[in-house]
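# Structural overview for review
Listed below are the residues making up each chain.
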Amino acid sequence: MAKLKVISSRLLELSADINILIETRVKASQAASVRNKLNLGGKYVDNYRFHNNGRIWLQWNPYNVDIKVITGSSQMLHCEVYDAQGIFKFFITAIYALNKLDQRRKLWKDLNNLNQQGPWCLIGDFNNVLKSQDRIGGNIVTEAEYSDLQAFMDNNQLAEMESNGDYFTWSNKHLVNTIYSRIDRLISNPDWFHIWNAPTSGRPMFILWTKLKRLQEILYKLHRPLTLAKQNHLQARNQLIQAQNNLARDRMNRDMINEVKKCTENLINWSNIELDILKQRSKICWLKSGDENSSFFHASVKAKQDQRAMNRLEKDDGSVITSQVEIEKEVLDFYSQLMGNNDDDLYCIDLEAMRQRPQLTNTQREILVKPISDEEIFSSLQGIDTSSAPGVDGFNSKFFKHSWDIVKSDVIAAIHEFFEKGKLLKAFNCTCRLFLKAILPRV
C-alpha cells in the first residue's frame, strides 16, 4: 500500500498526458483495483493477453491525446499517438524486455520487422546495457551483451535521448559486491527530432530565424553530455589502462581482447570530440571577444596589420625606399599613371565618349539584373569553408551543408526576400550573412 501511495503521488506530480508503468506484478483479476488506488483515470491498455502478469500498463489523458495499439507482445506495446483533433503525432513503443539474451533477441527482431517509418520513440526497461560504462561492479560488459540491441538501433537509425535523474537505473542493492547498471532508456529515430517543420508564421527571414532559435534549444540539450568531454576523455583513458592490465594477466582471453579494442575505440572517439570542442571554442572565443571591440580584438587586428605592413619598396630604377612618406608617394604615382590624370573641365559623364568604348550586350545586362537562383545559393554555400567560425547564434556552414535537405526551402526563401526587399532582418547579424557574403561578389 505504501508503494502505491508513492507511485500515485509521483503520477499526480508529473501530471503527464501519457503514463507507462512496467514490472507491475499484478494479476489480471487485481488490475482494476490497483488502478483505482493509483488514481489512474482516463483511458488504459495493457498486455495481459501476451503475459499473465500484464507486464506493461499504458494510460493516457483522452482530452489531450489518443492512443491506438498496433501490435504487442510479452515485452512491448507498439502504438500510434494522436492529438485531441485526431492528427497523428508519433509512434511510441513501451518496452519491458525479459531477462534472457535469446528472449531479448526476439524482441529486437520483432521491432526490426516493423520497418517503422515516421517519428518513433521507444521507452522503458530494455534490460540491456549499451556500452561498458553502463555497468559498475559485477562481470565485465562484453560485446555479446549489447551487440544485438546496437545492431537493431543502427538498422533503424535510433539514438539514445537525454534523461533526468541518476545515470544508473538499476542496482542489486547489496552492501557487498554492489552492482549498478543502466538498463532503462529512451531511444528515438531522426524523425522524432524533426521539429524544424513545426508550424511558424511570418516573413521568410523571421520564419528561418524562429526555427533556428527553436532548434538551438534542442541542440543545447543534446550537447550537454559533451560539456564533460574532458572528464569522459580521462575516464576512457583510465578504462583502457584497466582493460590492458586485465589482459596482461590473461592474454588469450577473447572477452578481454575485445574489451581492450572497445576501450581503445572509445578513447579515440572522446579524443576527437575534445579536439573538435577545443577548435570550436577557439572560434567562439574570437567571436565573443572580437565582436565586443575588446583588447583581444585590437591586439588581433594590430598583429594582422604588422603582418601586412609595407616596410620597404623597390622602385623601377632598382633603388629601395623605406620611409613611409616615400612609399606612399611612390604607390600614388604608380596608380596615377595607370588610372590617368584628373580633368578639372569634366563636369559630367561624356555619354558620347562612353558609347565609343566597349559596352555590355543585352545578354550581359540581363545576367546582371536577373534574380538570384536557387542553384547560386547552394553553390555559394558549398564555397564557404566548413571550418569557418560559427556566428554568435552557434550555426556555421557545416550545419547548413549537413542539414540542407531539411532547411533548404526556408534558407532559400529568406535569401530571396533579402534580394527582393533589400532589407536584412535585424536578428540576422550572422547566419544569413554566411550566404550573402558568398553570393554578393557573384552579382
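Our structure is the block above this text.
Cut-offs applied
- Residues numbered from 1 in each chain as written.
- Predicted model: local features only at pLDDT ≥ 70, side-chain atom pairs only at ≥ 80, totals over all residues.
- Heavy atoms only, no water.
- Helix = DSSP H or I, 4+ residues; strand = E, 2+ residues; numbered from the N terminus.
- Expected span 1.5 Å × (residues − 1).
- Buried < 20%, exposed > 50% of the residue type's maximum accessible area, 1.4 Å probe, protein only.
- Arc of directions from axis to C-beta.
- Contact = heavy atoms within 4.5 Å.
- Pairing = 2+ DSSP bridges.
- Axes fitted to C-alpha atoms, helices over the stretch in contact; angles between N-to-C directions.
- Parallel < 35°, antiparallel > 145°, perpendicular 65-115°, else oblique.
- Left-handed = near helix turned anticlockwise from the far one by under 90°.
- 1 Å grid on protein atoms, 1.4 Å probe; cavity = no way out; pocket = protein on both sides within 12 Å on 5 of 7 lines; lining within 4 Å.
- Points joined across faces, edges and corners; volume = space filled by probe spheres on them.
- Nonpolar A, V, L, I, M, F, W, Y, C, P; charged D, E, K, R; others polar.

Right, let's talk about helix α3 (residues 101–112) for a bit. Between its first and last C-alpha atoms α3 spans 16 Å; for 12 residues at 1.5 Å apiece the expected length is 16 Å, and the two agree. Along α3, the residues that are buried comprise R104, L107, W108 and L111. Here the buried residues of α3 occupy an arc of 95° about the axis, which is enough to place them on one side. Counted as exposed and oriented over 90 degrees from the buried face of α3: D102, K106 and K109. Against β5 (76–83), β6 (88–96), β7 (120–125) and α4 (143–155) lie the buried residues of α3.

The element β5 is largely enclosed, with a buried count of 7 among its 8 residues. Sheet topology places strand β4 (residues 65–72) next to β5; 7 bridges connect them, and they run antiparallel. From the neighbouring strand, V65 faces β5, where its bridge partner is D83. Hairpin connection from β4 to β5: 3 residues lie between these consecutive antiparallel strands. In this sheet, β6 lies alongside β5 in antiparallel orientation, the contact comprising 7 bridges. Note that in β6 the partner of Y82 across the bridge is F88. Counting the residues that bridge the hairpin from β5 to β6 gives 4 residues, and of these G86 lies at a positive phi of roughly 85°.

Each strand in a sheet pairs with another by means of backbone hydrogen bonds, the pair being arranged parallel or else antiparallel. Reading across from one edge, β4-β5-β6-β7-β12-β9 is the order of the 6 strands in this open sheet, with mixed pairing throughout. Strands with a single pairing partner mark the edges of an open sheet, and in this sheet they are β4 and β9 (159–160). Bridge analysis of β7 against strand β12 (residues 184–188) gives 5 bridges, and the strand direction is antiparallel. Bridge pairing in β12 links I123 to L186.

Mapping G118 onto the fold places it in the loop between α3 and β7. Of the residues examined, G118 reaches a relative accessible area of 16% and is grouped as buried. When the C-alpha atoms of G118 and K89 are compared, they prove to be 9.3 Å apart, with 29 residues separating the residues in sequence. If near-sequence neighbours (up to four positions away) are discounted, G118 is found in contact with N189 and D191.

A separate point is the packing of helix α13 (residues 374–382) against helix α15 (residues 404–421). Where α13 meets α15, the closest approach of the two axes is 10 Å, and the angle between their N-to-C directions is 115°. When the interaxial angle is binned, α13 and α15 end up roughly perpendicular. Considering only the axes of α13 and α15, their crossing is right-handed. Across the interface between the two elements, D374, I377, F378 and L381 of α13 pack against W404, I412, I415 and H416 of α15.

Another point: empty space enclosed by the protein. Scanning the model with the defined rule gives 1 cavity of 30 Å³ or more in all. The space that makes up the largest cavity amounts to roughly 30 Å³. Lining the largest cavity, in full, are I140, A243, N246, M256, E259 and V260. In terms of residue count, the dominant contributor to the lining of the largest cavity is helix α8 (residues 254–290) (3 residues). Of the residues in the lining of the largest cavity, the class split is 4 nonpolar, 1 polar and 1 charged.

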